[in-house]
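Analysis of the macromolecular model
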Amino acid sequence: MELQRPRGTQDILPGESPKWQLVEAAAHRVAQSFGYAEIRTPTFEHVEVFRHGVGDATDIVEKEMYEFTDHGGRSLVLRPESTAAVARALLQSHLFAELPQRLYYMQSHFRYERPQAGRLRQHTQFGIEVYGAGGPLADAEVISLAHSFLGQFGLHNLSVRLNSIGDAECRPAYRGALVEHLEAHREELCADCQRRMTKNPLRVLDCKNSGCQRVVSGAPRPLSYLCADCKAHLEGVEAALLALGIPFARDGSIVRGLDYYTRTVFEIQYEKLGAQATVCGGGRYDGLIEALGGAPLPGVGFGLGLERLLLTLEEEGLLPPPAPSIDVFVAAIGEELGPEAMRIARQLREAGLRVEQEVLGRSLKAQLRRAQKVGAARVVILGPQELQRGVAVVRDMNSSQQEEAPIEDLAARLGAAVPRD
Ligand SMILES: [Zn+2]
Ligand SMILES: [Zn+2]
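For every chain, the first residue of the written sequence is number 1, and numbering continues from 1 along that sequence. For naming, the first written chain is A and the first written ligand is 1, with later ones following in the order written. This being a predicted model, a pLDDT of at least 70 is required before a residue's local features are given, and a value of 80 or more before pairs of side-chain atoms are given or counted; all residues contribute to the totals for chains, interfaces and linings. With hydrogens and water stripped out, all remaining heavy atoms of the structure feed into the side-chain values.

Details of the coordination of the zinc ion (ligand 1)
Ideal geometry at a metal gives 109.5 degrees between four tetrahedral donors and either 90 or 180 degrees between six octahedral ones. Note that water is not among the atoms used; donors are N, O and S atoms within 2.8 Å of the metal (3.2 Å for Na, K and Ca), so sites may look incomplete. Protein coordination of the zinc ion (ligand 1) is provided by C190 (SG), C193 (SG), C207 (SG) and C212 (SG), with donor distances spanning 2.2 to 2.3 Å. For four-coordinate sites, all angles between 85 and 135 degrees define a tetrahedron; for four- and six-coordinate sites, opposite donors beyond 155 degrees with the remaining angles between 65 and 115 define square planar and octahedral shapes respectively, and all other cases count as irregular. Note that the zinc ion (ligand 1) binds 4 donor atoms; their angles at the metal cover 105 to 114 degrees, and the shape is tetrahedral. Motif for the zinc ion (ligand 1), donor spacing along one chain: C-x2-C-x13-C-x4-C. Residue C190 is found in the loop between helix 6 (171-184) and helix 7 (191-199), and its partner C207 is found in the loop between helix 7 and helix 8 (210-217); the two are separated by 17 residues along the sequence. Strands here mean DSSP runs of E at least two residues long; helices mean DSSP runs of H or I at least four residues long; both are numbered from the N terminus.

Have a look at this one:
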């Protein structure tokens, strides 16, 4: 029997990890350039974090959580998303004393879903959360951060689709109109939604069932029901995006069905074969902290799936070609020279070089083939005669030119020759 990884998971093999490192490094760099600090939460949480922080009647909580009981009888769940977990951590650590809090995370989420391209049962999300800033500038900052992150990869024609789903002031009127529409199409809704629409009709907006999505696409749009404050907030976000030169358009079809979402919701799309494809989604959730038992506190953020992004960058040919993994290969003629080769390799590493050395005692020809394969620009060849004279041969792999150099000069010489970033 050959053991297999679980369905919906992936191994990131050595050939794949450089592109992950590239995207992760970009996420750290961009988030930090906006003054955001990284937060990491536990892989598993008490189930209540998501029951309260995501909502009982959602697909995530009802169907998709990896829930288990530990040996102490606690009900735990593998983190299906990070917003509720981050909010829990902030509450527990009393970080709300200092506002605004600007945070980013990059961590795995676990959901029991039907696996598809770019959508795995364990997937990785880059996200940010801003707490304690209720005005439109915070929304614009969040959108701008996502736009900067995506823009640096060269994705074509990024555009922000913007909507507002109102607040406690104007949502009741919208909810009334929505319920009326849903009632009229009750037979077309899935069983879950027929049940949900009496408890919380907004959650129908998030259902993935195609019949429900059809009904939702014809439903009244929250934009038509906005109160004056919500309108002003949306216009404030738009004014800031305009000042930043970030293209945007209002799109009444973008919604979030969770109670704690308020006002701004957005998606960032790029042009794909004439159509638009979404790579990032976010919004404002001024009611979340209260839902978790804290004092009211505004929040806004986004989540961005890295598997989906990498797939997109690959399809669009936007990933750079693999870079060499090694600068210098230290070859030794004869296994007895191994320890000296190892000493030289260590000196070169201390000079900042990436160095591989021979450990298999292969022929020089085989060692040069290996050096070629890992992309080493230079090979240090150590032979018995040279060693007696305190020198080694340095071979330039591009020109095949070779020259002798004193062993004690190698680090300074080769360290200076390779550009470091
Ligand atoms: Zn449904
Ligand atoms: Zn309103």
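This is not the end of the story, as more comes after the structure.
Looking at the pattern of salt bridges
The rule for a salt bridge is simple: a side-chain nitrogen of Lys or Arg has to be within 4 Å of a carboxyl oxygen of Asp or Glu. This structure, assessed with the given rule, holds 31 salt bridges. Residue D11 is joined to R5 by a salt bridge in which the shortest nitrogen-to-oxygen separation is 3.0 Å. Buried, partly exposed and exposed residues are distinguished by accessible area as a fraction of the type maximum, computed with a 1.4 Å probe on protein chains only: under 20%, between the cut-offs, and over 50%, respectively. Classification of D11 as partly exposed rests on a relative accessible area of 43%. Salt-bridge contacts for E356 lead to R370; the nearest nitrogen and oxygen are separated by 2.7 Å. Here the residue E356 occupies a position in strand 13 (residues 355-357), and R370 occupies one in helix 13 (residues 364-373), the gap between them amounting to 14 residues. By relative accessible area, R370 is classed as partly exposed at 28%. Among the ionic contacts, a cluster of salt bridges with common partners joins D59, E62, K63, D192, R195 and R196.

Some points on the domain arrangement of the protein chain
The start and end points of each domain follow an automatic or database-based domain assignment. For the protein chain, the assigned domains read domain 1 (17-170 + 226-315) and domain 2 (328-414). Put simply, the middle of domain 1 and the middle of domain 2, counted by C-alpha atoms, are 49 Å apart.

Focus on the nonpolar core
Of all hydrophobic cores here, the largest spans 49 residues; its most connected members are F126, F149, L150, F266, F302, L306 and L309. By residue number, the principal contributor to this core is helix 5 (residues 136-151), which donates 8 residues. Among the nonpolar cores identified, the runner-up in size contains 45 residues, and V61, A84, L90 and Y174 belong to it. Side-chain atoms within 4.5 Å link the members of a nonpolar core, which is a set of buried Ala, Val, Leu, Ile, Met, Phe, Trp, Tyr and Cys residues.

Focus on the coordination of the zinc ion (ligand 2)
Surrounding the zinc ion (ligand 2) are the protein donor atoms D167 (OD), C170 (SG), C227 (SG) and C230 (SG), at 2.2 to 2.3 Å. Taken together, the 4 donor atoms surrounding the zinc ion (ligand 2) define angles of 94 to 121 degrees at the centre, an arrangement classified as tetrahedral. Each donor residue of the zinc ion (ligand 2) lies on the same chain, and together they follow the pattern D-x2-C-x56-C-x2-C. One end of the pair, C170, is in the loop between strand 7 (159-164) and helix 6; the other, C230, is in helix 9 (residues 228-244), with 60 residues separating them in the sequence.

Quick look at the packing of helix 5 against helix 9
Working note: a packed helix pair is described by the angle between its axes plus the distance between those axes. The convention used is that axes are lines fitted to C-alpha atoms, helices contributing only their stretch in contact, and that angles between N-to-C directions extend from 0 to 180 degrees. Contact geometry of helix 5 with helix 9 gives a least axis separation of 8 Å together with a crossing angle of 45 degrees. Overall, the two elements helix 5 and helix 9 adopt an arrangement that is oblique. The way helix 5 lies across helix 9 gives a crossing that is right-handed. In contact with P136, L137, D139, A140, I143 and S144 of helix 5, helix 9 contributes H233, G236, V237, A240, L241 and L244. Under the convention adopted here, Pro, Cys and the residues Ala, Val, Leu, Ile, Met, Phe, Trp and Tyr are nonpolar, Asp, Glu, Lys and Arg are charged, and Gly plus all remaining residues are polar. Taken together, the residues of the contact of helix 5 with helix 9 sort by class into 8 nonpolar, 3 polar and 1 charged. Should an angle lie under 35 degrees it is considered roughly parallel, over 145 roughly antiparallel, and from 65 to 115 roughly perpendicular; all remaining angles are considered oblique. For a crossing to be left-handed, the near helix must be turned anticlockwise from the far one by less than a right angle; the clockwise case is right-handed. In what follows, residue pairs with any heavy atoms lying within 4.5 Å of each other are defined as contacts.

With respect to the packing of aromatic side chains
Any two of the Phe, Tyr and Trp rings considered here, Trp counted by its six-membered ring, make a pair once their centres fall within 6.5 Å; the pair's planes then place it as stacked at under 30 degrees, edge-to-face at over 60, or tilted in between. Under the counting rule described, the total for this entry stands at 11 aromatic pairs. An aromatic cluster is present here, built from F96, Y131, Y260, Y261 and Y285 joined pairwise through their rings. Two conditions define a charge sitting above a ring: the NZ of Lys or the CZ of Arg must be within 6 Å of the ring centre, and it must be within 35 degrees of the ring normal. For R121, the ring lying beneath its charged end belongs to Y112, and the centroid distance is 4.1 Å.

A few points about the packing of helix 1 (residues 17-33) against helix 11 (residues 306-315)
At a minimum axis distance of 11 Å, the contact between helix 1 and helix 11 shows a crossing angle of 110 degrees. By the angle between their directions, the pair helix 1 and helix 11 is classed as roughly perpendicular. For the element pair helix 1 and helix 11, the recorded crossing hand is right-handed. Contacts between helix 1 and helix 11 involve K19, W20 and V23 from the former and L306, E307, L309, L310, L313 and E314 from the latter. A breakdown of the residues in the contact of helix 1 with helix 11 according to their chemical character gives 6 nonpolar, no polar and 3 charged.

A short note on the side chain of T124
Tracing the sequence through the fold places T124 in strand 6 (residues 122-131). Classification of T124 by relative accessible area gives buried; the value is 14%. For T124, the residues in contact, after removing those within four places along its chain, are W20, Q107, S108, L304, G305, L306 and E307.

Regarding the sheet that holds strand 5 (residues 101-110)
Here the rule is simple: two strands pair whenever DSSP picks up at least two bridges between them. Strand order across the open sheet formed by 8 strands is 1-5-6-11-10-9-7-8, with mixed pairing between neighbours. Each of the sheet's edge strands pairs with one partner strand only, and the pair in question is strand 1 (37-38) and strand 8 (248-250). By the bridge criterion, 3 bridges tie strand 7 to strand 8 in an arrangement that is parallel. Counted as the bridge partner of L162 is R250 from strand 8. On top of the sheet, helix 5 reaches strand 5, strand 6, strand 7, strand 9 (262-272), strand 10 (275-284) and strand 11 (299-305); it is set at about 20 degrees to strand 11, its chief contact.

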